[in-house]
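Geometric and topological summary
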Amino acid sequence: MSQSDNNKQRFCELLRSTGRENVEYVIEDLETYGFFEAPASVRNHLNTPGGLVEHSLNVYDAAMMLRESIIKRRPDMEKHLPVDSVTLASLLHDVCKANIYRLVTRKRKNEIGMWEEVQEYEVNYSQLPIGHGEKSVVMLLRMGLDLEDDEICAIRWHMGPWAVDTSSIEQDKSYRQSIANSPLLPLVHTADTVASQIFERDSLS
């Protein structure tokens, strides 16, 4: 079994472990959208086929490591960070990326100045262009997944302050209130940062 197949199997097993209703429909829809073949980005972290599911698993791993450390220091946080919520929010935060990447062939000069054909990804935002985290939430709700309020907020704001339009008082207050309501949001945002900026970065010289 390839690493890509292993990642897909592990991802699906973790989703099923939450025991949430309609999770099989979510998996079927992710298959349809190409989630398991999609890259995590165009030119940055894990911009290869299967990169998106690998990134999602990395965020899950980081989130569970953080959760364990947090509970050791603050045992009262355990009830606010249930395993199923951490699992869903970390694994599904980026489903919005499942149908936006397309592999194209372009001509580019190589290191010796010769033109050659290369394959790379381009982004197409024409499918449900409503934003990033909010698109993930809408897609999941359409799939029939019943999300708790804190899970919705954690997925919606998983990019942290980078997703906040500071010119919008409503957005700023909504983001701040979401953090005040539940530690799940900062946990998922931090896990996403750890995954993309540490787990998935190139080796340092």
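Cut-offs used in this document
Residues numbered from 1 in each chain as written. Predicted model: local features only at pLDDT ≥ 70, side-chain atom pairs only at ≥ 80, totals over all residues. Heavy atoms only, no water. Patch = residues over 30% accessible without salt bridge, like charges linked within 9 Å, V, L, I, M, F, W, Y side chains within 5 Å. Areas by Shrake-Rupley, 256 points an atom, 1.4 Å probe, with all protein chains shown as cover. Salt bridge = Lys/Arg side-chain N within 4 Å of Asp/Glu carboxyl O. Helix = DSSP H or I, 4+ residues; strand = E, 2+ residues; numbered from the N terminus. Buried < 20%, exposed > 50% of the residue type's maximum accessible area, 1.4 Å probe, protein only. Axes fitted to C-alpha atoms, helices over the stretch in contact; angles between N-to-C directions. Parallel < 35°, antiparallel > 145°, perpendicular 65-115°, else oblique. Left-handed = near helix turned anticlockwise from the far one by under 90°. Contact = heavy atoms within 4.5 Å. Nonpolar A, V, L, I, M, F, W, Y, C, P; charged D, E, K, R; others polar. Lys, Arg positive; Asp, Glu negative; His and termini not counted. Charge placed at Lys NZ, Arg CZ, Asp CG, Glu CD. Core = buried A, V, L, I, M, F, W, Y, C linked by side-chain atoms within 4.5 Å. Disulfide = S-S within 2.5 Å.

To continue, consider a nonpolar patch on the surface. A contiguous nonpolar patch, built from M65, I198 and F199 and spanning about 300 Å² of accessible area, is present on the exposed surface. Tracing the chain through its elements places M65 in helix 3 (residues 51–73). The class of M65 is partly exposed, set by a relative accessible area of 49%.

The N-to-C vectors of helix 4 (residues 83–92) and helix 6 (residues 149–156) enclose an angle of 30 degrees; their axes lie 9 Å apart at closest approach. Taken as axis vectors, helix 4 and helix 6 run roughly parallel relative to one another. Both helix 4 and helix 6 take part in a crossing whose hand is right-handed. Along the contact surface, helix 4 presents S85, L88, A89 and L92, while helix 6 presents E151, A154 and I155. Considering only residue class, the contact of helix 4 with helix 6 consists of 5 nonpolar, 1 polar and 1 charged.

Let us look at the packing of helix 1 (residues 3–17) against helix 4. Running from N to C, helix 1 and helix 4 point in directions that differ by 145 degrees, and their axes come no closer than 9 Å. For the element pair helix 1 and helix 4, the recorded crossing hand is left-handed. Contact residues: helix 1 offers F11, L14 and L15, while helix 4 offers T87, L88, L91 and L92.

So, about the environment of L187. Counting through the fold element by element, L187 comes out in helix 8 (residues 184–199). Taking the C-alpha atoms as reference, L187 lies 6.4 Å from A63; in sequence the two are 124 residues apart. Not counting residues within four places of it along the chain, the set of residues in contact with L187 comprises A63, L66, R67, I70, L81 and V86.

With that settled, consider the environment of F199. Checked against the element boundaries, F199 lands in helix 8. Considering only alpha carbons, one finds F199 and A62, 137 residues apart in sequence, at a separation of 8.8 Å. If we skip the residues at most four places from it in the chain, F199 touches N58, A62, M65 and V194.

So, on to a negative patch on the surface. Taken together, E21, D146, E148 and D149 make up a surface patch of like negative charges. If you trace the backbone, E148 turns up in the loop between helix 5 (133–142) and helix 6. On the accessibility criterion, E148 (46% relative accessible area) is partly exposed.

We now examine the nonpolar core. In terms of nonpolar packing, the biggest core is built from 45 residues, with F11, L15, L30, F35, L92 and L140 touching the most fellow members. Taken together, the elements giving at least two residues each to this core come down to helix 1, helix 2 (23–33), helix 3, helix 4, helix 5, helix 6 and helix 8. It is helix 3 that provides the largest number of residues to this core, a total of 8 residues. Sequence-distant contacts of F35, that is, excluding residues within four places in its chain, are made with F11, L30, L52, V53, S56, L91, D94, V95 and A98.

Evaluated as defined, the whole model comprises 0 disulfides. Left without a disulfide partner, C96 is nearest to the cysteine sulfur of C153, which lies 16 Å away. Taking relative accessible area as the criterion, C96 reaches 4% and is therefore assigned buried.

That is the geometry; function is a separate question.
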